[in-house]
Amino acid sequence: MLPLIALMLLSAAPPTPPQVTPEPKPPPEQPRPQCITAQGRELCGFQCRTSGSKAGCAQTPYGTCQVIRDEVHCWDPPRVAIQHPPRTPVRPECKAVRGKVDCGFNCRIFNGEVACNSTPYGLCDTHFGRLVCWDPPDSVIHEYAQAMPATRCLNASEAIACGFDCKASRTEVRCTNTPRGVCTMNDQRLTCFDPPSLLHCDHSNPPPPPN
């Protein structure tokens, strides 16, 4: 009797819907380049700008072009910065002071100098009238990107260094270039070591550029 009831229940149960495998999402559509004409010469690229008879374009949609004092300055970030954007997307910029121009991320002006980072994970600091900018190695950005530990700059006397695990004596300062590195100080002698990165990063399409 029980097998008959079980068979009736199975026959009355609604059929199991077939599993549908979701189609992979297409890669984000990249902005299309544009072309402009200046002095009878045609230029193509992204973020194109003109100033009088001068013109320029970035080579990628992640770059920037700005007109500063009637000059066109264009800059593109390195591939590692394109493939590993920070949590809050940010576009590069250009800044100028006293006729000097630099482009990149986190641009700073200090004491008549201008400097920028090559990646959004770098930092700039000042010491003894100098402006110092530092970027982590590409291998560190590939491995950590948005989860990268905090970096800092440390100074000792007239010296300054930036990176990870910074340590200083009275006259010397050193930092590691990777979060896994270590600096030690024995008898006022600094020793730093960075293990090699064993990460192999295989990228496909990059994320869309920031607006």
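Residues numbered from 1 in each chain as written. Predicted model: local features only at pLDDT ≥ 70, side-chain atom pairs only at ≥ 80, totals over all residues. Heavy atoms only, no water.

Caption draft 1: View of the sheet that holds strand E13 (residues 173–176). Judged by pairing direction, the sheet is antiparallel, and its three strands sit side by side in the order E11-E12-E13 without closing on themselves. Edge positions in the sheet fall to strand E11 (152–156) and E13, since each of these pairs with one other strand and no more. Taking each pair of neighbouring strands and ignoring which way they run, the sheet shows an average axis angle of 40 degrees. Pairing of strand E12 (residues 159–168) with E13 involves three bridges; the strand directions are antiparallel. (Pairing = 2+ DSSP bridges. Helix = DSSP H or I, 4+ residues; strand = E, 2+ residues; numbered from the N terminus. Axes fitted to C-alpha atoms, helices over the stretch in contact; angles between N-to-C directions.)

Caption draft 2: Layout of the packing of aromatic side chains. Summed over the entire model, instances satisfying the criterion amount to two aromatic pairs. An angle of 80 degrees between the planes, with centres 5.9 Å apart, marks the rings of Trp134 and Phe164 as edge-to-face. Remark: Phe164 occurs in strand E12 and Trp134 occurs in strand E10 (residues 130–134); sequence separation between them is 30 residues. (Phe/Tyr/Trp six-rings, centres within 6.5 Å; stacked < 30°, edge-to-face > 60°.)

Caption draft 3: Structural view of the pattern of salt bridges. Counted under the stated rule, the structure contains four salt bridges. Residue Glu113 is joined to Lys100 by a salt bridge in which the shortest nitrogen-to-oxygen separation is 2.8 Å. A residue pair is termed long-range when its members are at least 10 positions apart, and Glu113 in strand E8 (residues 113–117) and Lys100 in strand E7 (residues 100–110) qualify at 13 residues. Overall, Lys100 belongs to the partly exposed group, its relative accessible area being 36%. A salt bridge links Asp165 to Lys167, with the shortest nitrogen-to-oxygen separation between them at 2.8 Å. Asp165 gets classed as partly exposed once you look at its relative accessible area, which sits at 31%. (Salt bridge = Lys/Arg side-chain N within 4 Å of Asp/Glu carboxyl O. Buried < 20%, exposed > 50% of the residue type's maximum accessible area, 1.4 Å probe, protein only.)

Caption draft 4: Expanded view of the sheet that holds strand E6 (residues 93–97). Strand order in the open sheet formed by three strands is E6-E7-E8, with antiparallel pairing between adjacent strands. At either margin of the open sheet sits one strand with a lone partner, and together these are E6 and E8. The sheet shows a mean angle of 15 degrees between the axes of neighbouring strands, taken without regard to direction. Strand direction decides the pairing type here: E6 and E7, joined by five bridges, are antiparallel.

Caption draft 5: Examining the state of the cysteines more closely. Inspection of the entire model under this criterion finds nine disulfides. A sulfur-sulfur separation of 2.0 Å characterises the disulfide bridge that pairs Cys94 with Cys103. Across the S-S bond linking Cys94 and Cys103, the dihedral sits near 105 degrees, which makes this disulfide right-handed. There is no split in this pair, since Cys94 and Cys103 are both buried. What pairs with Cys166 in a disulfide is Cys175, and their sulfur atoms sit 2.0 Å apart. Disulfide Cys166-Cys175: the torsion about the S-S bond is 110 degrees, which places it as right-handed. Comparing Cys166 with Cys175 shows no difference in burial state: the two are buried. (Disulfide = S-S within 2.5 Å.)

Geometry only, nothing functional implied.
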